[in-house]
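Inside the fold
Take a look at the letters that make up each chain.
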Amino acid sequence: MNLIIFTERLKEASVLHNIALINKRTQNYQKSNQCYQQAVQLYQSCYDHYNSIPDDDVANAAELEANGAQQQHQNHQRKSSNPPINLELKISQTYQSMAKVYECLNDEMSSVRAHEDAITLLIEGSNDDGNDHEDGSSSSQEPRQRDAAMHVDMNMNMKRQQRAVDDKSYHSPKKNPSAIHGNISPDSVMDPHLSPSPSRSTATATIKSQYNIVKLTTHERTRITSVSLTSLAHLYFRQECNQGIDHVEEDPLRYYQEALNFLKTVPNPISNTYISALSNDKGSGVGFHRISSGNESDANLTVSSFGKAYAIDLRKDIANILVEMGTLYKRRKDHSSAIKVLEQARDMRLLLNSNINEQEMIESSLGVTYERMGAYGKAFTC
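First things first, this report covers the structure right here in the doc. (Residues numbered from 1 in each chain as written. Predicted model: local features only at pLDDT ≥ 70, side-chain atom pairs only at ≥ 80, totals over all residues. Heavy atoms only, no water.)

1. Focus: the side chain of Ser-92
Following the sequence through the fold, Ser-92 ends up in helix α4 (residues 87-104). The class of Ser-92 is buried, set by a relative accessible area of 0%. At a separation of 2.8 Å, a polar atom in the side chain of Ser-92 contacts the main-chain carbonyl oxygen of Glu-88. A distance of 3.2 Å separates the side chain of Ser-92 from the backbone oxygen of Leu-89, its partner in a polar contact. Setting aside chain neighbours within four positions, we find Ser-92 in contact with Ala-118, Leu-121, Leu-122 and Ile-224. (Helix = DSSP H or I, 4+ residues; strand = E, 2+ residues; numbered from the N terminus. Buried < 20%, exposed > 50% of the residue type's maximum accessible area, 1.4 Å probe, protein only. Polar contact = N/O pair within 3.5 Å; in protein donor to acceptor, adjacent residues only side chain to side chain. Contact = heavy atoms within 4.5 Å.)

2. Comments concerning the packing of helix α10 (residues 335-351) against helix α11 (residues 356-373)
In contact at an axis separation of 10 Å, α10 and α11 are set at 155° when each is read in the N-to-C sense. Between α10 and α11, the angle is such that the two are roughly antiparallel. The hand of the α10/α11 crossing is left-handed. Residues His-335, Ser-336, Ala-338, Ile-339, Leu-342, Glu-343, Ala-345, Arg-346, Arg-349 and Leu-350 of α10 form the contact with α11, whose participating residues are Glu-358, Gln-359, Met-361, Ile-362, Glu-363, Ser-365, Leu-366, Thr-369, Tyr-370, Arg-372 and Met-373. The residue inventory of the contact of α10 with α11, partitioned by class, reads 10 nonpolar, 5 polar and 6 charged. (Axes fitted to C-alpha atoms, helices over the stretch in contact; angles between N-to-C directions. Parallel < 35°, antiparallel > 145°, perpendicular 65-115°, else oblique. Left-handed = near helix turned anticlockwise from the far one by under 90°. Nonpolar A, V, L, I, M, F, W, Y, C, P; charged D, E, K, R; others polar.)

3. A word on the pattern of salt bridges
Enumeration over the complete set of coordinates arrives at 10 salt bridges. Here Arg-346 makes a salt bridge to Asp-347, at a shortest N to O gap of 3.3 Å. For Arg-346, a relative accessible area of 18% corresponds to the buried category. For Asp-347, a relative accessible area of 41% translates into the label partly exposed. (Salt bridge = Lys/Arg side-chain N within 4 Å of Asp/Glu carboxyl O.)

4. Section: helix α8 (residues 252-264)
With 13 residues, α8 ought to run about 18 Å at 1.5 Å a step, and its terminal C-alpha atoms sit 19 Å apart, in line with that. Where α8 is concerned, the buried positions are Pro-252, Leu-253, Tyr-255, Tyr-256, Glu-258, Ala-259, Leu-260, Phe-262 and Leu-263. With a side-chain oxygen lying 3.0 Å from the backbone nitrogen of Leu-253, the N-terminal cap of α8 falls on Asp-251. (Expected span 1.5 Å × (residues − 1).)

5. Some points on the nonpolar core
Formed by 38 residues in total, the largest nonpolar core has its most connected members in Tyr-236, Tyr-256, Ile-321 and Met-325. Those elements that place two or more of their residues in this core are α5 (108-126), α7 (218-243), α8, α9 (314-331), α10 and α11. If you tally residues by element for this core, the top one is α9, at 9 residues. The next biggest cluster of nonpolar side chains, apart from the first, holds 31 residues, and it includes Leu-10, Val-40, Tyr-95 and Tyr-102. (Core = buried A, V, L, I, M, F, W, Y, C linked by side-chain atoms within 4.5 Å.)

6. Here's the deal with the pairing of strand β1 (residues 270-273)
The alternating pattern of β1 places Ser-271 and Thr-273 on a buried face and Ile-270 and Asn-272 on a face that is not buried. Relative to strand β2 (residues 310-313), β1 runs antiparallel, the two sharing 4 bridges. Its bridge partner lying in β2, Asn-272 is registered against Ala-311. (Pairing = 2+ DSSP bridges.)

What follows is the structure in structure tokens.
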């Protein structure tokens, strides 16, 4: 695969991603799911190809000897004309979008597997890179986060081994990497000119830097991973509400706790991102307090080419999870545990100067819980 085919596959995947989103919004979930699967396969094929290219220090020397400085200059210009692309982001959030569609199709097991694939991709990606980023952050992991990631990944693999799943409804691109373009159906509203053709290929040297691929930062990776972990918690929480605690495959508290532990391992919770969809700053005007990957167009999953930075504060995600854990504890009538996590959420939101509505919601929840415990004095002060 050369750079031309690589770029065209990305364009095709982007179109499929957005067609899937349109079909989801019109409740054509089967079609949406089909397009998301095709998009993630195309993204995955590009990701695997990029990772197979030797590092630039080797490839550049070979190209310089074969083609000379003029060819290198042309490659540099080609890279400069292409916006930066984050394949990890596109693949992981397409998996998360697939999970949302599976929920709409009442296929909870496939939704679980899509989130597991997103988590696995993100954890594996964190082990492949230690490069610094323009905002001063790094995509390499601290020891505590590496341990937390290994624990999550180990649990994912154990679940897969223990669970006998019928593969008819869910097709992991990692297990089906063949004939990507052969899977595109005639009714997928594709422009035929987007499909790569051998006749359009050119014999250019393969230089890793000319692809202009960027990695997720630690904060970005942590946010997206925590989204899938909390989504799994939500899924099992709904099962518990509908079927009872004795009929749930997994304890939702386990996934809330893993998400919480993962977020807390980042030494400095505050950073910037150049991807607007990953910001959790309400004041930035972006409007994404939480990542809502099921409703994201492919354009919002692209690094800003204008260099505009958006804020990430992982403490906001921690506070949100604590509130959700409090709701679960309250439903189980474990009032002392509910108060413990709700008080932590309240204190964190006070530290973050959260808006009055968020504070009032926690105080109200605390008041009700204190009252159920018979602590009427504390309930009165909330």
